[in-house]
Amino acid sequence: MSEKRKQVLNVAEQLFYDYGFHGVGLKQIVKEANVATMTLYNHFSSKNTLVEETIKHREERYWAYIRSTSVAYSNEPFVRIAQLHGAFLKEVSPQGCMFLRAIEVYQDTDSNIVYIAKNHKSKVLQYFEELAIDNNIKDYKNFAYEFLLIIEGATSMTQITDSTQATEHAVTMTKALQSHFQT
């Protein structure tokens, strides 16, 4: 990925997150990314294309947190994921979920953006199912679904309390969930 493309994506991601997808124009992105308008259009044919790529960029950043090597070597991978998700909330996403916002904003106007955002959530659930299988959880589908609800709840609660408190509760709930499924 070129440096200019990465620069535009980083700026667009932050602006879309802070001010909403419709609250930010391409002129503002061009200005804050310090690129020429043609540079933006060389990489993104439209604002919706930029939104699509921004959501994909956000997803890559999320997976970088969740799939860190510490999960693979943890004897409590789901607790570790809850902690890593909390770190992502604190550092990147303290005001809620960009994917859910995209679904809400584009539900009736851009099915491709909605698909990308919903597909992210499906991939997260699938990852949790695979991890549950790897950890010998027999009812892995229900476990993964309930764990996703804990993670999504922590994301929502971050807007009401803060990421530290939401993460602490998510960890406590994850331990209880594991205990329930291991008995």
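Just above, that's the structure.
Residues numbered from 1 in each chain as written. Predicted model: local features only at pLDDT ≥ 70, side-chain atom pairs only at ≥ 80, totals over all residues. Heavy atoms only, no water.

Undergrad: Would you mind showing me how to read the overall build of the protein here?
TA: In terms of helices and strands, the protein carries 10 helices and 0 strands. Listed N to C, the secondary structure of the protein is α-α-α-α-α-α-α-α-α-α in terms of helices and strands. Taken over the C-alpha trace, the protein has a radius of gyration of 18 Å; the compact-globule value for 183 residues is 16 Å, and the two agree within 12%. The principal-axis extent of the C-alpha atoms belonging to the protein is close to 60 × 35 × 30 Å. Each of the 183 residues in the protein was classed as buried or not, and the buried ones make up 46%. When contacts within the protein are restricted to residue pairs at least 6 apart in sequence, those whose partners lie at least 24 apart make up 67%. (Helix = DSSP H or I, 4+ residues; strand = E, 2+ residues; numbered from the N terminus. Rg over C-alpha atoms; globule rule 2.2 N^0.38 Å. Buried < 20%, exposed > 50% of the residue type's maximum accessible area, 1.4 Å probe, protein only. Contact = heavy atoms within 4.5 Å.)

Undergrad: It is not clear to me how the environment of Y115 should be interpreted in this structure. Could you clarify?
TA: Its place among the elements puts Y115 in helix 8 (residues 111–134). Accessibility expressed as a relative area gives 52% for Y115, which makes it exposed. Counting along the chain gives 42 residues from Y115 to M157, while the straight-line C-alpha distance between them is 25 Å.

Undergrad: It is not clear to me how the packing of helix 1 (residues 3–19) against helix 4 (residues 47–66) should be interpreted in this structure. Could you clarify?
TA: Direction vectors running N to C along helix 1 and helix 4 enclose 90°, while the axes themselves pass 9 Å from each other. Here helix 1 lies roughly perpendicular to helix 4, going by the angle between them. Contact with helix 1, carried on its side by R5, V8, L9, N10, A12, E13, F16 and Y17, involves K47, L50, V51, E53, T54, H57, R58 and R61 of helix 4 and no other residues of that element. Residue composition of the contact of helix 1 with helix 4, grouped by class: 7 nonpolar, 3 polar and 6 charged. (Axes fitted to C-alpha atoms, helices over the stretch in contact; angles between N-to-C directions. Parallel < 35°, antiparallel > 145°, perpendicular 65-115°, else oblique. Nonpolar A, V, L, I, M, F, W, Y, C, P; charged D, E, K, R; others polar.)

Undergrad: I tried to follow helix 10 (residues 163–182) on my own but got confused; where do I start?
TA: Since one α-helical turn is 3.6 residues long, residues separated by three or four positions face the same way. Its 20 residues place the ends of helix 10 28 Å apart at the C-alpha level, agreeing with the 28 Å of an ideal helix rising 1.5 Å per residue. Capping the start of helix 10 is the job of one residue whose side-chain oxygen sits 3.0 Å from the backbone nitrogen of T164: D162. (Expected span 1.5 Å × (residues − 1). Polar contact = N/O pair within 3.5 Å; in protein donor to acceptor, adjacent residues only side chain to side chain.)

Undergrad: Is there a simple way to think about the packing of aromatic side chains in this case?
TA: Any pair of aromatic rings gets described here by the distance separating the centres and the angle formed by the planes. Applying the stated criterion across every chain yields a total of 12 aromatic pairs. Aromatic side chains F78 and F147 sit 5.1 Å apart centroid to centroid with 80° between the ring planes, which places their arrangement in the edge-to-face category. On the criterion of sequence distance, the pair formed by F78 in helix 6 (residues 77–91) and F147 in helix 9 (residues 140–160) is long-range, its members being 69 residues apart. A single burial state applies to F78 and to F147, both of which are buried. (Phe/Tyr/Trp six-rings, centres within 6.5 Å; stacked < 30°, edge-to-face > 60°.)

Undergrad: Quick question: what am I supposed to make of the side chain of E129 here?
TA: As for its placement among the helices and strands, E129 is situated in helix 8. Relative accessible area serves as the criterion here: at 16%, E129 is assigned to the buried category. Here E129 is in contact with Y140, K141 and A144, once residues within four sequence places are set aside.

Undergrad: For this particular structure, what's the right way to read the packing of helix 4 against helix 8?
TA: Helices that pack against each other are described as a pair by the angle of their axes relative to one another and the distance between those axes. At a closest axis distance of 9 Å, the pairing of helix 4 and helix 8 adopts a crossing angle of 15°. The orientation of helix 4 relative to helix 8 falls into the category roughly parallel. Our pair here, helix 4 against helix 8, has a crossing hand that is right-handed. Contacts from N48, V51, E52, I55, K56, E59, Y62, W63 and I66 of helix 4 reach helix 8 at N112, I113, I116, H120, K123, V124 and Y127. A class-by-class count of the residues in the contact of helix 4 with helix 8 yields 9 nonpolar, 3 polar and 4 charged. (Left-handed = near helix turned anticlockwise from the far one by under 90°.)

Undergrad: Explain unusual backbone geometry to me, please; I cannot follow it from the model alone.
TA: Generally, phi is negative for residues other than glycine and the peptide bonds are trans, each holding for most cases. Residue N34 is not a glycine yet carries a positive backbone phi of 55°. Along the chain, the position of N34 falls in the loop between helix 2 (26–33) and helix 3 (37–43). Among the residues examined, N34 registers a relative accessible area of 62% and is labelled exposed. Positioned with a positive phi, N136 is a non-glycine residue whose angle comes to about 60°. Within the secondary structure, N136 is located in the loop between helix 8 and helix 9.

Read these as spatial facts, not as claims about activity.
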